[in-house]
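Listed below are the residues making up each chain.
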Amino acid sequence: MKRAVGLRIKSCQPVGPPSLPFKPVQLLPFPRPIQLLLAGGACLVAAGCRTYNDDIAPLVDPYSAGNFQVAAAVVHSEEFQRHYLSKSDGLLFLLEGGKVLFDAGEYDASAALFDRAAERLTEYDNAADVSISEELAASVGTQASRAYRGTDYDRILLELYQAFNELGRGDLGEALVRTRRIYRRQAEAVARNAAEIEAREEKGDAAGQAALDSENYQQFNQSLEAIKGEAYADFVNPMGTFLSALLLREEGSQADSRVDLQRLIDLRPDNRWLPDLLKEFEGSSEPTPDRLYVVFENGMAPMRWQFSLLLPTPNGITRFAVPNLKTMPRDVGHLRVQGAAGALDLVTQEIASVDSIVATEFQATLATDIWRMVVSQVAKQFVSNAVQRDDDYGLLYLFTAIYRLLSSDADLRTWRTLGAEFQIAYGQVPEDGLVKLSYPGHLATPVQVRIPPARTTILFVRNPRVSPIVPRVFSIGVRGAVRAAAKAASPPSRELDTPASLLSDLAESLDPSSTVLSRTEES
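Residues numbered from 1 in each chain as written. Predicted model: local features only at pLDDT ≥ 70, side-chain atom pairs only at ≥ 80, totals over all residues. Heavy atoms only, no water.

K.L.:
Can you help me understand the confidence of the model for the chain in this one?
P.N.:
Low-pLDDT stretches of the model should not have their predicted coordinates read in fine detail. A residue-level look at the chain finds 64% of positions with pLDDT of 70 or above and a mean pLDDT of 77. Model confidence for the chain, summarised as mean pLDDT per element, is weakest for helix H17 (residues 500–506) at 34 and strongest for helix H5 (residues 90–103) at 98. Here residues 1–30 is modelled with pLDDT under 50, and outside its nearest four sequence neighbours on either side it reaches 18 contacts, counting other chains as well. (pLDDT = per-residue confidence, 0-100. Helix = DSSP H or I, 4+ residues; strand = E, 2+ residues; numbered from the N terminus. Contact = heavy atoms within 4.5 Å.)

K.L.:
When you look at unusual backbone geometry in this model, what are you seeing that I'm missing?
P.N.:
Most peptide bonds take the trans configuration, and most residues that are not glycine carry a negative phi. Here Asp290, not a glycine, exhibits a phi torsion of approximately 60°, which is positive. With respect to the helices and strands, Asp290 occurs in the loop between helix H14 (274–283) and strand E1 (291–298).

K.L.:
Explain the packing of helix H13 (residues 254–267) against H14 to me, please; I cannot follow it from the model alone.
P.N.:
Pairs of packed helices are described in terms of their axes, by the angle between the two and the distance that separates them. Contact geometry for H13 and H14: axes closest at 10 Å, N-to-C directions at 160°. Looking at the two axes, H13 sits roughly antiparallel to H14. Considering only the axes of H13 and H14, their crossing is left-handed. Along the contact surface, H13 presents Ser257, Arg258, Leu261, Gln262, Leu264 and Ile265, while H14 presents Leu274, Pro275, Leu277, Leu278, Phe281 and Glu282. (Axes fitted to C-alpha atoms, helices over the stretch in contact; angles between N-to-C directions. Parallel < 35°, antiparallel > 145°, perpendicular 65-115°, else oblique. Left-handed = near helix turned anticlockwise from the far one by under 90°.)

K.L.:
How do you make sense of the packing of aromatic side chains when you look at a structure like this?
P.N.:
Where two aromatic rings form a pair, the distance of their centres and the angle of their planes describe that pair. Scanning all chains against the criterion turns up 18 aromatic pairs. Between Phe80 and Tyr84, the ring centres sit 5.8 Å apart and the planes meet at 85°, which makes this aromatic pair edge-to-face. These aromatic residues form a ring-pair network of at least three members: Phe102, Tyr107, Phe114, Tyr161, Phe164, Trp415, Phe460 and Phe474. A cation over an aromatic ring shows up here: Arg249 above the ring of Phe281, its NZ or CZ 4.2 Å from the ring centre. The ring centre of Phe102 lies 4.4 Å from the NZ or CZ of Arg472, which sits over that ring. (Phe/Tyr/Trp six-rings, centres within 6.5 Å; stacked < 30°, edge-to-face > 60°. Lys NZ or Arg CZ within 6 Å of the ring centre and 35° of its normal.)

K.L.:
Explanation requested: the pairing of E1 in the structure shown.
P.N.:
Buried residues dominate E1, accounting for 8 of its 8 residues. Of the two faces of E1, the one lined by Arg291, Tyr293, Val295 and Glu297 and the one lined by Leu292, Val294, Phe296 and Asn298 are each fully buried. Relative to strand E7 (residues 421–428), E1 is paired through 8 bridges, and the arrangement is antiparallel. In the sheet register, Asn298 faces E7, and the bridge partner there is Glu421. Bridge analysis of E1 against strand E10 (residues 456–463) gives 8 bridges, and the strand direction is parallel. Bridge pairing in E10 places Asn298 opposite Asn463. (Buried < 20%, exposed > 50% of the residue type's maximum accessible area, 1.4 Å probe, protein only. Pairing = 2+ DSSP bridges.)

K.L.:
Explanation requested: the side chain of Arg413 in the structure shown.
P.N.:
Within the secondary structure layout, Arg413 lies in the loop between helix H16 (395–406) and E7. One polar contact links Arg413 to Asp89, side chain to side chain, over a distance of 2.8 Å. At a separation of 3.0 Å, a polar atom in the side chain of Arg413 contacts the main-chain carbonyl oxygen of Arg146. (Polar contact = N/O pair within 3.5 Å; in protein donor to acceptor, adjacent residues only side chain to side chain.)

K.L.:
Just checking my understanding: could you explain the nonpolar core for this structure?
P.N.:
In globular proteins that are soluble, nonpolar side chains generally tend to be buried together. Core analysis: the largest hydrophobic core is formed by 110 residues, its most contacted members being Phe164, Leu167, Met239, Val337 and Phe422. Take this core: its biggest share by element is 9 residues, from helix H8 (residues 152–169). (Core = buried A, V, L, I, M, F, W, Y, C linked by side-chain atoms within 4.5 Å.)

K.L.:
Explanation requested: the pattern of salt bridges in the structure shown.
P.N.:
When the charged atoms of two side chains with opposite charge come close together, those side chains can pair. On inspection of all chains with the given rule, the structure shows 26 salt bridges. As a salt-bridge pair, Arg185 and Glu159 come within 3.4 Å of each other at their nearest N and O atoms. Of the two residues, Arg185 sits in helix H9 (residues 172–203) while Glu159 sits in helix H8, which places them 26 residues apart along the sequence. Across the pair, Glu159 and Arg185 agree in class, each one buried. A salt bridge links Glu350 to Arg268; the shortest N-O distance between them is 3.1 Å. Pair noted here: Glu350 is in strand E6 (residues 349–353) and Arg268 is in the loop between H13 and H14, with a separation of 82 residues, a long-range link. We classify Arg268 as buried; its relative accessible area is 9%. Look at the salt bridges and you will find they share partners, linking Asp115, Glu159, Arg178, Arg184, Arg185 and Glu188 into a network. (Salt bridge = Lys/Arg side-chain N within 4 Å of Asp/Glu carboxyl O.)

K.L.:
Mind showing me how you'd approach the environment of Arg272 here?
P.N.:
Mapping Arg272 onto the fold places it in the loop between H13 and H14. Overall, Arg272 belongs to the partly exposed group, its relative accessible area being 46%. Taking the C-alpha atoms as reference points, Arg272 and Ala425, 153 residues apart in sequence, are found 9.1 Å from one another. Of the polar contacts made by the side chain of Arg272, one reaches the backbone oxygen of Val347; its length is 2.7 Å.

K.L.:
Help me out: how do you make sense of the packing of helix H3 (residues 68–76) against H5 in this one?
P.N.:
With their axes 9 Å apart at the nearest point, H3 and H5 run at an angle of 140° to one another. Between H3 and H5, the angle is such that the two are oblique. The handedness of the crossing between H3 and H5 is left-handed. Of H5, the residues touching H3 (which contributes Phe68, Ala71, Ala72, Val75 and His76) are Gly97, Val100, Leu101 and Asp103. Among the residues forming the contact of H3 with H5, the class breakdown is 6 nonpolar, 2 polar and 1 charged. (Nonpolar A, V, L, I, M, F, W, Y, C, P; charged D, E, K, R; others polar.)

Following this line, the structure appears as structure tokens:
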């Protein structure tokens with residue numbers, strides 16, 4: 001007989017949830033402090049996915065193309081100004097905004113933002129060197145979660161641009177005050193760097209030193225040395241020294257101006273313009289009438305990128321993201337300034353390499369940056385180890401591994417709107433006051449500028465890439481005052497208010513249209 005086939009039911013108990021072939025995963029099976037670190041770190045990483053370079057791109061993109069007015073409109077937007085309140089990036093946004101408005105010729109607005117940046121720097125300088133909350137956030141999150149406290153070259157260049165702002169606002173005395181502050185900032189930088197070196201030696205930073213001694217780092221360091229070239233001693237920016245020498249001569253402090261110029265020759269013996277200028281300063285106690293000084297701020301300062309070092313730590317082999325510098329391409333070599341019929345023909349030459357200044361300080365502070373990365377990675381590894389002990393199925397360990405990877409990036413924030421170098425030249429203003437500006441070897445449309453009558457004129461041109469030539473003219477020596485004779489604008493923007501006494505002196509000789517820039521048809 002065939003046996004019946006059927007189902008045998010053992011009981012008729014109510015059916016409950018199906019049994020699982022594995023035990024449920026407990027999401028946080030470890031102590032409360034580690035739970036908080038994980039949760040906080042996850043939030044920081046999520047927030048840190050958008051970087052400072054992402055946030056600043058709407059400003060840097062038009063600025064690097066030479067569209068200073070478009071970039072200035074970004075600075076004036078509510079969205080951009082909200083960043084000023086940021087605890088992590090607020091200082092950088094103030095610096096970027098001040099620089100853009102300076103290059104757009106909005107001297108009052110630029111000076112106001114730089115003043116706010118200086119106040120923020122003072123707050124940081126007066127506060128503790130290390131913020132416990134910042135260090136904790138950075139140890140479980142990203143390095144960029146720390147407040148950007150400014151570099152020494154940030155502080156020095158801020159004062160340099162403020163000196164030019166004061167010239168644009170008509171105050172020679174205040175411009176001189178700013179050049180003196182440059183020297184004070186340099187002295188502070190020397191003292192701060194010495195203190196940081198001493199503190200680092202006291203810590204006995206073995207991991208940081210291991211990174212510096214590694215083969216990968218040595219290869220990277222060769223490229224850094226190439227950017228530095230011959231570094232300037234004691235955090236000096238030669239452009240500040242040059243401007244100080246010129247303004248001291250205008251004020252009548254001839255001895256001090258010669259000291260500055262001699263110091264500048266010692267810094268840049270290769271600059272062909274300086275020896276003859278020193279002879280002129282030594283041979284006459286009065287500024288040469290109708291003198292034209294050309295200042296050309298060229299290119300874009302280096303950006304940061306990162307590469308990885310694999311180093312042994314107490315937790316095993318650990319990946320460290322180390323910042324590096326990348327110079328930006330310079331599409332223009334020099335600025336040429338010509339007068340009619342060969343009356344003037346000047347080609348600028350470098351007086352200060354911002355690339356070198358940035359690279360020098362970057363190298364000096366790199367060991368501290370690596371030490372911070374070591375602390376951060378050790379903290380994250382501690383969390384991962386705790387998770388691995390209690391997580392039977394590896395899900396949380398996978399999460400923490402991803403979290404460590406995403407949050408291990410180096411701090412890549414820098415002041416993006418700085419130039420790569422300053423160049424100078426000097427000569428005499430042609431009798432007709434007209435000069436033509438061009439970039440040798442490039443098709444950028446030359447620009448013709450009328451130089452207003454004055455004892456001394458500073459012609460300032462900013463070129464991020466192969467940008468439209470947008471000059472600004474600062475006239476010094478009209479009854480001992482300074483007048484901003486032209487504003488950088490394309491299209492032209494309104495003039496700064498000028499005292500009536502100065503206008504009356506220039507009324508007969510200065511055509512009202514002389515401050516409007518005209519483009520020639522030459523290529």
